[in-house]
Amino acid sequence: MALTGKKKKIDVIDKLLEACYQHNKDALFIMSLMHQYEDRGSLSKKQLEGLLLKARKINDLPTGIIAAVEAIVLKMPTRDKTPVESIRSKDQESSEDYSKLMNEVLEKYPQHKRVLFLKTQLEQRKTLAALEQKEIEKFHQLLILNKK
């Protein structure tokens, strides 16, 4: 039994790795996870999920160990790996649209202080909040399109 920390907790991940290794000593996946767990002291969420898939196939394994590792996996954060470029391109497109609206307003009213302020924010590559975007649309409707 592996004990860790000041409180001497039982290391369920190590116990699960040992049980899977004892069931099939030739499994390269389990061996690589064991080496990595010994080196780093932890496994990623994906690695633990893979270990759980292997462990569920073993019939004589105590369900408490599997449940404890499942609880550890559920506590771990899921990382979102959406490409950053797509998010930036959407922001750039929306900022271009709002800069066009602001330019139209400033052509007719060049001293409009709020629109000038929002334009300098856009030029400094700051994103506009939803409220500020609505303000620009409102100014454009009232001053250029003359709609109420």
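A. Quick look at the overall build of the protein. When helices and strands are counted, the protein shows seven helices and two strands. Counted from the first residue to the last, the protein has its helices and strands arranged as β-β-α-α-α-α-α-α-α. For the protein, buried positions account for 27% of its 148 residues. When the accessible surface of the protein is split by element, carbon and sulfur atoms take 54% of a total near 11,200 Å².

B. Representation of the packing of helix α1 (residues 12–23) against helix α4 (residues 63–75) within the structure. One can describe the packing of α1 onto α4 by two numbers: an axis separation of 9 Å at closest approach and a directional angle of 125°. The orientation of α1 with respect to α4, classified from their angle, is oblique. Here the hand of the crossing between α1 and α4 comes out left-handed. For the pair α1 and α4, the contacting residues are V12, I13, K15 and L16 in the first and I65, I66, A68, V69 and I72 in the second. Residues of the contact of α1 with α4, tallied by class, amount to eight nonpolar, no polar and one charged.

C. Spatial organisation of the environment of K45. Here K45 shows up in helix α3 (residues 45–56). Here the alpha-carbon distance between K45 and P77, two residues 32 residues apart in the chain, equals 8.0 Å. With sequence-adjacent residues up to four places away left out, K45 is seen in contact with V73, M76, P77 and T78. Of the polar contacts made by the side chain of K45, one reaches the side chain of T78; its length is 2.6 Å.

D. Structural context of the environment of N103. By the element assignment, N103 lies in helix α5 (residues 84–108). Between the C-alpha atom of N103 and that of H140, which follows or precedes it by 37 residues, the distance is 9.7 Å. Polar contacts involving the side chain of N103 include one to the side chain of K119, which spans 2.6 Å.

E. Up close: the nonpolar core. Of all hydrophobic cores here, the largest spans 21 residues; its most connected members are L16, L17, L51 and V69. Mapped by element, the contributors of at least two residues to this core are α1, α2 (28–40), α3 and α4. With five residues, the single largest contributor to this core is α1.

F. Local environment of α4. With 13 residues, α4 extends 18 Å from end C-alpha to end C-alpha; this agrees with the ideal 18 Å at 1.5 Å per step. If you check which residues of α4 are buried, you get I65, I66, V69 and V73. Projection of α4 onto a plane perpendicular to its axis shows the buried side chains occupying an angular sector of 95°, all on one side. When the buried face of α4 is taken as reference, the exposed residues oriented beyond 90 degrees from it are T63, L74 and K75. In this structure, the buried side of α4 is in contact with α1 and α3.

The rules behind these values
Residues numbered from 1 in each chain as written. Predicted model: local features only at pLDDT ≥ 70, side-chain atom pairs only at ≥ 80, totals over all residues. Heavy atoms only, no water. Helix = DSSP H or I, 4+ residues; strand = E, 2+ residues; numbered from the N terminus. Buried < 20%, exposed > 50% of the residue type's maximum accessible area, 1.4 Å probe, protein only. Areas by Shrake-Rupley, 256 points an atom, 1.4 Å probe, with all protein chains shown as cover. Axes fitted to C-alpha atoms, helices over the stretch in contact; angles between N-to-C directions. Parallel < 35°, antiparallel > 145°, perpendicular 65-115°, else oblique. Left-handed = near helix turned anticlockwise from the far one by under 90°. Contact = heavy atoms within 4.5 Å. Nonpolar A, V, L, I, M, F, W, Y, C, P; charged D, E, K, R; others polar. Polar contact = N/O pair within 3.5 Å; in protein donor to acceptor, adjacent residues only side chain to side chain. Core = buried A, V, L, I, M, F, W, Y, C linked by side-chain atoms within 4.5 Å. Expected span 1.5 Å × (residues − 1). Arc of directions from axis to C-beta.

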